[in-house]
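Structure at a glance
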Amino acid sequence: MSNQINLNKIKKPLIIAEIGLSHFGNFATAKKLIDICKVSGADVVKFQTHIAEYESTYDEPFRISLGKKFKNRFDYWKKTSFTKTEWKKLILYCKKKKIYFQTSPFSVEAVRMMREAGCKNWKLGSGEVFDNGIMNEILKKKSECLVISSGLSTIKDIKDNINFLKKKTENYAVLQCTSSYPCELKQVGINVINYMRNKFKVVSGLSDHTGNLSTSIYALAKNASIIEIHVCYDKNKDVGPDVTSSLDFNELSILSKIRDDFEILKKNNENKKILTTKQKNLKKIFTKSLSLKKDLKKGKILKNINITLKKPGNGLKIKDLNKIIGKKAKENLSRFNILKLKDFV
């Protein structure tokens, strides 16, 4: 399996499971989360790469309080970071597990470190799409995969970014996103996915923050090429800034199964001109044949008033009625059997 995603050759919608910083800087936990995402059917695991010194200050506020464990966001980024060596091990671990590794870098230095570690799949969050330095650093390798979110972008911003990307790379996608945690259903904007695909001719999908499985299912039904969701163990017990916006791993498994089912439904069309062998056999069971309302004695003439239709359907049909009406019964005939031509003379 290649380390790099080619967005123009994906055979079915990509499911990106964002681990983010749910590992809280614990390397073993990060590996365990990769394992569970793989088993749950995700195609990609996405992390976040923060280097506090190049990204934050002591003045940066928390979006959601994480208690007293972290003094400030700078401290949070610092304590939840991995070394380049650890990142390299995680990237190799993903390759071993046959799941793509992707990260969201939050500084030029983070891009450089992750590229040295072997990362080839990138995601720019809704704020970072306005940082030309990060985007230009990623685009130094034009073949690598770049996905951007539009959570803080207007249509003009999206258009400007797409026009810029088209000149630099072919391996990119734009995700509809609403930067609200959690996002209400009425704010999701699934319609924007197809708008971007049709208007700008780009690979498009959804970066979801609702924490609601229905959102991703609906996006799949609307032909989203990518579904990105945050994941967690238990939305009622886990802590972290994105828990309320996440799906648990059971929901991720359901989403993966539905995605695969949708692909079967889209690719396999029923041919109503012919029946399969199985359908032909079922037709014999489900349809009806000529039969008797009451028993008919030997020698009696069969009349229309004697006839009814009963299952199964592998006997004489209505079109065969004239072949037996007015003829005599060879033997005593039971109402519990379908009629045959040989029953009459």
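Quick caveat, the model's predicted, so the values are computed rather than measured.

Take the packing of helix H7 (residues 155-168) against helix H8 (residues 191-200) next. Helices that pack against each other are described as a pair by the angle of their axes relative to one another and the distance between those axes. Two numbers describe how H7 lies on H8: the axes approach to 12 Å, and their chain directions differ by 45°. Overall, the two elements H7 and H8 adopt an arrangement that is oblique. In this structure, the crossing between H7 and H8 has a hand that is right-handed. Contacts between H7 and H8 involve Ile155, Ile158, Lys159, Ile162 and Lys166 from the first element and Tyr195, Met196 and Phe200 from the second.

Once that is clear, we can look at helix H4 (residues 84-97). Because the α-helix completes a turn every 3.6 residues, residues three or four places apart line up on one side. Between the first and last C-alpha of H4 there are 20 Å, a value that for 14 residues agrees with the 20 Å anticipated at 1.5 Å per step. Along H4, the positions that sit buried rather than exposed are Trp87, Leu90, Ile91, Tyr93 and Cys94. Seen from one end, H4 has its buried residues packed into an arc of 160°, which puts them on one side. The outward face of H4, more than 90 degrees from its buried face, is lined by the exposed residues Thr85, Leu92 and Lys96. Residues of H4 that are buried sit in contact with helix H1 (27-39), strand S2 (44-49), strand S3 (100-105) and helix H5 (108-117).

With that settled, consider unusual backbone geometry. Of note, the bond from tyrosine 181 into proline 182 is cis; its omega dihedral lies within 30 degrees of zero at -5°. Tracing the backbone shows proline 182 in the loop between strand S6 (172-177) and H8. Cis geometry is found at the peptide bond from lysine 311 to proline 312, where omega equals 5°. For asparagine 223, which is not glycine, the phi dihedral falls at a positive 70°.

Of all 6 residues making up S6, 6 are buried, and the element is well covered by its neighbours. Taken together, the 4 bridges between strand S5 (residues 145-149) and S6 define a ladder with parallel strand orientation. The partner of leucine 146 across the bridge, within S6, is tyrosine 172. Handedness of the β-α-β unit built from S5, H7 and S6 comes out right-handed.

Core analysis: the largest hydrophobic core is formed by 60 residues, its most contacted members being Ile34, Cys37, Trp87, Phe101 and Leu146. Broken down by element, the residue count for this core peaks at 6 residues, all from H5. Filtering out sequence-adjacent residues up to four positions away, cysteine 37 remains in contact with Ala17, Ile19, Ala42, Val45, Ile99, Val231, Phe249 and Leu252. Judged by nonpolar contacts, the second largest core, of 12 residues, contains Leu290, Leu316, Ile324 and Ala329.

Looking now at the pairing of strand S4 (residues 121-124). Alternating residues of S4 divide into Asn121 and Lys123 and Trp122 and Leu124, and every residue in both groups is buried. Chirality of the crossover, the property in question, places the unit of S4, helix H6 (residues 132-138) and S5 among those that are right-handed.

Take the side chain of arginine 115 next. Within the fold, arginine 115 resides in helix H5. A polar contact is formed between the side chain of arginine 115 and the side chain of glutamate 144, at a distance of 2.7 Å. With sequence-adjacent residues up to four places away left out, arginine 115 is seen in contact with Trp122, Glu137, Ile138, Lys140, Lys141 and Glu144.

Analysis parameters
Every chain is numbered on its own, with residues counted from 1 as its sequence reads. Only residues with pLDDT of 70 or above have their local features reported here, since the model is predicted, and side-chain atom pairs are shown and tallied only from 80 upward, although totals for entire chains, interfaces and linings are computed over all residues. To get the side-chain values, all heavy atoms of the structure are used, and hydrogens and water are removed first. Lines fitted to the C-alpha atoms define the axes, with helices restricted to the stretch that makes contact. Angles between their N-to-C directions range from 0 to 180 degrees. The helix and strand labels rest on DSSP assignments: H or I over at least four residues marks a helix, E over at least two residues marks a strand, and numbering proceeds from the N terminus. Angles below 35 degrees are treated as roughly parallel, those above 145 as roughly antiparallel, those between 65 and 115 as roughly perpendicular, and all remaining angles as oblique. In this scheme, a crossing is called left-handed if the near helix is turned counterclockwise away from the far one by less than a right angle; it is called right-handed if the turn is clockwise. We call two residues in contact whenever any of their non-hydrogen atoms come within 4.5 Å of each other. A helix is expected to span 1.5 Å for every residue after the first. Residue burial is assigned from relative accessible area. The probe radius is 1.4 Å, only protein chains are included, and a residue is buried under 20% of its type maximum, exposed over 50%, and partly exposed in between. Each direction from the helix axis to a C-beta atom contributes to the arc, which is the arc of those directions. A pair of strands is considered paired only if DSSP assigns at least 2 bridges between the two. Note on handedness: a crossover is taken as right-handed if, strands pointing away from the viewer, the path from the first strand over the helix to the second is clockwise. In these notes, a set of buried Ala, Val, Leu, Ile, Met, Phe, Trp, Tyr and Cys residues joined through side-chain atoms within 4.5 Å is what counts as a nonpolar core. Polar contacts here mean pairs of N or O atoms no more than 3.5 Å apart (in protein, one a potential hydrogen donor and the other a potential acceptor; neighbouring residues in sequence count only if both atoms are side-chain atoms).

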